[in-house]
Amino acid sequence: MKEIKVNHLKVGDILAGSICCDHSYKLLLNKGTVITAEHLNKLKKYNYYGLCLVAEERDVAGVRLDLLNQLGNDKIKRAYLDMFVISKSIFENLEKGNPINIELAKETVDVVVEQIMDSSNIVLQLAAVHLVDDYTLSHMINVALYSGALAKCLNYSIQDIKDICFSGLLHDVGKAKIPKEILRKPDSLTPEEFSITKKHAEQGYQILCQEELVNDRVRQVALQHHERGDGSGYPYGLHHQEITLFSRLIAIADVYDALTSDRCYRGRVLPHESAEILMADCTLNRLDTELVKAFLKYIILYPLGTRVILSDGRLAQVIKVHADFPLRPVLEILEDDTVEGGHMAGIVDMISEPTIFIKQILS
Ligand SMILES: [Fe+2]
């Protein structure tokens, strides 16, 4: 980030620190705000000409800002970028053995939860499209978004939703202590490497036990999120009733995001196939069936950009998802074999085409 004079701010800049009025300390613009012409007018109106912090490209390098701009409103964009910046800082500081700013992470989660309460559908969409290149950071953010949105859909209390979202963000902090060569290994892990990776659960718990602002429910998630109801998980091989509710919930978001993400050793599994894998884990008593059913009801099966084959054979791409009808997205036709000559572009809103359905998801 860099410090600049406020009158040098321009539309599109992202504030890396809040701007408060010099005299009254009134908050003028929040950290993370993406500057618009209205914001510039507001600063002029308050006669504010001080300094401010703006994010530089490298602060948000690795985030697909084009897609983020397309999907979210300013508040959601701010919440998402805050999560990215704080996840990155937590990981980098832990790797270097420096203290981590848990207070800021907690504040960030509060803002994210506000957005989940307002529009969980957009939040789920943000998780589904994978906006961050780095898997570890992307996974921390996505698990927080998925699990927070699920908790909201289950009508949990605000405090529970905050704790669950916070647990999602921190569940894998122990990975900062695992060698990068192992975490990023493109081949299968050896048994020794796998047992080193498994230590991240206990290491995460120990890291969080040193943080006063983290409560025990959140710490237990770091410790238990790889436990499975049938006793096949780690580190302790606990059974269903011994695993905390929050850990069972985060486990679902964790597995789903891992499956639907590109990994260094395999490509992503398509959303509907991932849903089937989660259900199979329920029949094996590994995951909590009621929670998985609720999760599958709300996740975005057709993220923006998904290419699909329609029931009439046309190849299309998802360009918009309706909040109330997520299974009937708006599509752009990429190829139309049903017309002579083969190609015809066009837009199909599946809500107004009830006889058409998605036959296959390609990517
Ligand atoms: Fe993990």
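Quick caveat, the model's predicted, so the values are computed rather than measured. (Residues numbered from 1 in each chain as written. Predicted model: local features only at pLDDT ≥ 70, side-chain atom pairs only at ≥ 80, totals over all residues. Heavy atoms only, no water.)

**Re the packing of aromatic side chains**
Heads up, the condition is: Each Phe, Tyr or Trp ring (for Trp, its six-membered ring) is paired with any other whose centre lies within 6.5 Å, and the angle between the two planes then decides the class: stacked below 30 degrees, edge-to-face above 60, tilted in between. Helix and strand definitions here come from DSSP, where helices need a minimum of 4 consecutive H or I residues and strands a minimum of 2 consecutive E residues; each element is numbered from the N-terminal end. For the exposure calls, accessible area comes from a 1.4 Å probe over protein chains only, and a residue counts as buried if that area is under 20% of its type's maximum, exposed if over 50%, partly exposed in between.
Counted according to the given criterion, the structure contains 3 aromatic pairs. Between Tyr-146 and Tyr-256 the ring centres are 5.5 Å apart and the planes differ by 90°, which places this aromatic pair in the edge-to-face class. Here Tyr-256 lies in helix H11 (residues 245-260) and Tyr-146 lies in helix H5 (residues 135-153), a separation of 110 residues in the sequence. Residue classification places Tyr-256 among the buried residues on the basis of a relative accessible area of 1%. Ring geometry for Tyr-256 and Phe-295: centres 5.3 Å apart, planes at 75°, overall edge-to-face. In this pair, Tyr-256 is assigned in helix H11 and Phe-295 in helix H13 (residues 289-298), connecting sequence segments 39 residues apart. Phe-295 shares its class with Tyr-256; the two are buried. Three or more aromatic residues link up through ring pairs in this structure, and these residues are Tyr-146, Tyr-256 and Phe-295.

**Things to note about the sheet that holds strand S9 (residues 358-361)**
Stated formally: Strand pairing follows a simple DSSP-based rule, namely that at least 2 bridges must link the two strands. Interaxial angle, 0 to 180 degrees, is taken between N-to-C directions of lines fitted to C-alpha atoms, where a helix line uses only the stretch in contact.
Strands sit in the order S8-S7-S6-S5-S9 across an open sheet of 5 strands; the sheet is antiparallel. Among the strands making up the open sheet, the edge pair consists of strand S8 (346-349) and S9. Going from strand to strand, the sheet's axes swing by 40° on average, the running direction of each strand aside. Sheet topology places strand S6 (residues 315-320) next to strand S7 (residues 330-335); 5 bridges connect them, and they run antiparallel. Bridge pairing in S7 places Gln-317 opposite Glu-332.

**Points about the pattern of salt bridges**
Pairing is possible between side chains that carry opposite charge, provided their charged atoms lie close to one another. In plain terms, the rule: When a carboxyl oxygen of Asp or Glu lies within 4 Å of a side-chain nitrogen of Lys or Arg, that pair is called a salt bridge.
Counted by the stated rule, this structure contains 12 salt bridges. Residues Lys-162 and Asp-110 are paired through a salt bridge, measuring 3.8 Å at the closest nitrogen-oxygen approach. With Lys-162 in helix H6 (residues 158-170) and Asp-110 in helix H4 (residues 102-128), the pair connects residues that are 52 residues apart, well separated along the chain. Accessibility expressed as a relative area gives 30% for Asp-110, which makes it partly exposed. One salt bridge in this structure joins Asp-281 and Arg-286, with 3.2 Å as the shortest N-O distance. The exposure class of Asp-281 is buried, given its relative accessible area of 12%. Given the relative accessible area of 25%, Arg-286 is considered partly exposed. Taken together, the salt bridges that share partners define one network made up of Asp-160, Asp-163 and Arg-217.

**Structural notes on the domain arrangement of the chain**
In plain terms, the rule: Segmentation into domains, and thus their bounds, comes from an automatic or database assignment. Residues are treated as being in contact if the distance between any of their heavy atoms lies within 4.5 Å. For the purposes of these results, a polar contact is taken to be a pair of N or O atoms within 3.5 Å, where, inside protein, one atom must be able to donate a hydrogen and its partner to accept one; residues adjacent in sequence count only when each atom of the pair is a side-chain atom. Residue classes follow a fixed rule: Ala, Val, Leu, Ile, Met, Phe, Trp, Tyr, Cys and Pro count as nonpolar, while Asp, Glu, Lys and Arg count as charged, and any other residue, Gly among them, counts as polar.
Taken domain by domain, the chain holds domain 1 (2-59), domain 2 (62-298) and domain 3 (307-361). With centres defined by C-alpha atoms, the gap from domain 1 to domain 2 works out at 32 Å. Counting residues at the interface gives 10 residues for domain 1, matched by 9 residues for domain 2. Where domain 1 packs against domain 2, one counts 0 salt bridges. On inspection of domain 1 and its partner domain 2, the count reaches 0 residue pairs in polar contact (both at pLDDT 80 or more). Split by residue class, the side of domain 1 that touches domain 2 holds 2 nonpolar, 5 polar and 3 charged.

**A closer look at unusual backbone geometry**
Look at the link from Tyr-234 to Pro-235: it is a cis peptide, with omega at 10°. A positive phi angle, near 60°, is found at Asn-155, a position not held by glycine. Tracing the backbone through its elements, the reader meets Asn-155 in the loop between H5 and H6. What makes Asn-155 exposed here is its relative accessible area of 68%. A positive phi angle, near 65°, is found at Asn-285, a position not held by glycine. For Asn-285, the location among the structural elements is in the loop between helix H12 (271-283) and H13.

**Some points on the environment of Thr-260**
Its place among the elements puts Thr-260 in helix H11. On the basis of relative accessible area, Thr-260 is assigned to the buried category, the value being 3%. The sequence separation of Thr-260 and Glu-273 amounts to 13 residues, and the corresponding C-alpha distance is 9.1 Å. When near neighbours in sequence (up to four residues on either side) are disregarded, Thr-260 contacts His-130, Arg-268, Val-269, Pro-271 and Ser-274.

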